[in-house]
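# Inside the fold
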Amino acid sequence: MKGIYNIVTVLAISLGLGIAPPAIAENLSEPSSRQSQSVIEVDSYDFVVLAEEALEVGDYHNAIFHANRALDIEPGLGNAYLIRGQAQAYQGEIQAAIADLQQAAQVYRQNQNQIGYLLAQQYLRDLNAPNSPQALTLPDLSN
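The paragraphs below set out a description of the structure included in this document. Keep in mind that this is a model prediction, so the values were computed, not measured.

## A word on the pattern of salt bridges
By the definition in use, this model includes 2 salt bridges. Arg69 is paired through a salt bridge with Asp72; the nearest N and O atoms lie 3.1 Å apart. Of this pair, Arg69 and Asp72 both sit in helix H5 (residues 60–73), 3 residues apart, roughly one helical turn. Overall, Arg69 belongs to the partly exposed group, its relative accessible area being 26%. Judged by relative accessible area, which is 54%, Asp72 ranks as exposed.

## Let's talk about H5
Its 14 residues place the ends of H5 20 Å apart at the C-alpha level, agreeing with the 20 Å of an ideal helix rising 1.5 Å per residue. Listing the buried residues of H5 in full gives Ala63, Ile64, His66, Ala67, Ala70 and Leu71. For H5, the secondary structure elements touched by its buried residues are helix H4 (44–56) and helix H6 (78–90).

## Description of the packing of aromatic side chains
The full count for this structure, using the stated rule, is 1 aromatic pair. Ring geometry for Tyr60 versus Tyr90: centroids 5.1 Å apart, planes at 15°, classification stacked. Placement of the pair is Tyr60 in helix H5 and Tyr90 in helix H6, with a sequence separation of 30 residues. Here Tyr60 falls in the partly exposed class, since its relative accessible area comes to 23%.

## A few points about H4
Taking 1.5 Å of rise per residue, the 13 residues of H4 would be expected to cover 18 Å, and the 19 Å separating its terminal C-alpha atoms lies within 8% of that figure. Every buried residue of H4 is listed here: Ser44, Phe47, Val48, Ala51, Ala54 and Leu55. Seen along its axis, H4 keeps its buried residues to an arc of 125°; they face one direction. Of the residues that open H4, the one with a side-chain oxygen 3.1 Å from the backbone nitrogen of Tyr45 is Asp43. Of the residues flanking the end of H4, it is Gly58, one or two places downstream, whose phi is positive at about 80°.

## Side note on the environment of Val42
Within the fold, Val42 resides in the loop between helix H3 (33–36) and H4. Not counting the four nearest positions on each side in its chain, Val42 is found in contact with Phe47 and Ile73.

How each quantity is defined
- Residues numbered from 1 in each chain as written.
- Predicted model: local features only at pLDDT ≥ 70, side-chain atom pairs only at ≥ 80, totals over all residues.
- Heavy atoms only, no water.
- Salt bridge = Lys/Arg side-chain N within 4 Å of Asp/Glu carboxyl O.
- Helix = DSSP H or I, 4+ residues; strand = E, 2+ residues; numbered from the N terminus.
- Buried < 20%, exposed > 50% of the residue type's maximum accessible area, 1.4 Å probe, protein only.
- Expected span 1.5 Å × (residues − 1).
- Contact = heavy atoms within 4.5 Å.
- Phe/Tyr/Trp six-rings, centres within 6.5 Å; stacked < 30°, edge-to-face > 60°.
- Arc of directions from axis to C-beta.
- Polar contact = N/O pair within 3.5 Å; in protein donor to acceptor, adjacent residues only side chain to side chain.

So yeah, pure geometry; function would need other evidence.
Written as structure tokens, this is what we have:
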């Protein structure tokens, strides 16, 4: 055991003085390929979550931004169209909102997502109401 401590001590001193063997010094001075190539994987649903959170706090610009990023990754994502449509409606961009909500309804129908389809249809009805876009509310689907 004492021998291991002596080796570690010699290495530590030689590294401190800059006289470490070339192979050891090279390995310590350059980051490994694993360290220099760290990648964070982001998928479309991460952006949908960010868009939802922005929409909830009234940050419509960022809700649209994140929904766009989600659609860049996965163009057939009903949730992103739905959120973007809502945010556009709250910003007064009614025609763009209608187009996105119709696209969301179509995607939900194709994916046989009845709840999503009904939700998109409800938002479209609300958007056509006299008090829109303030009429946009989440319908109670628990019944």
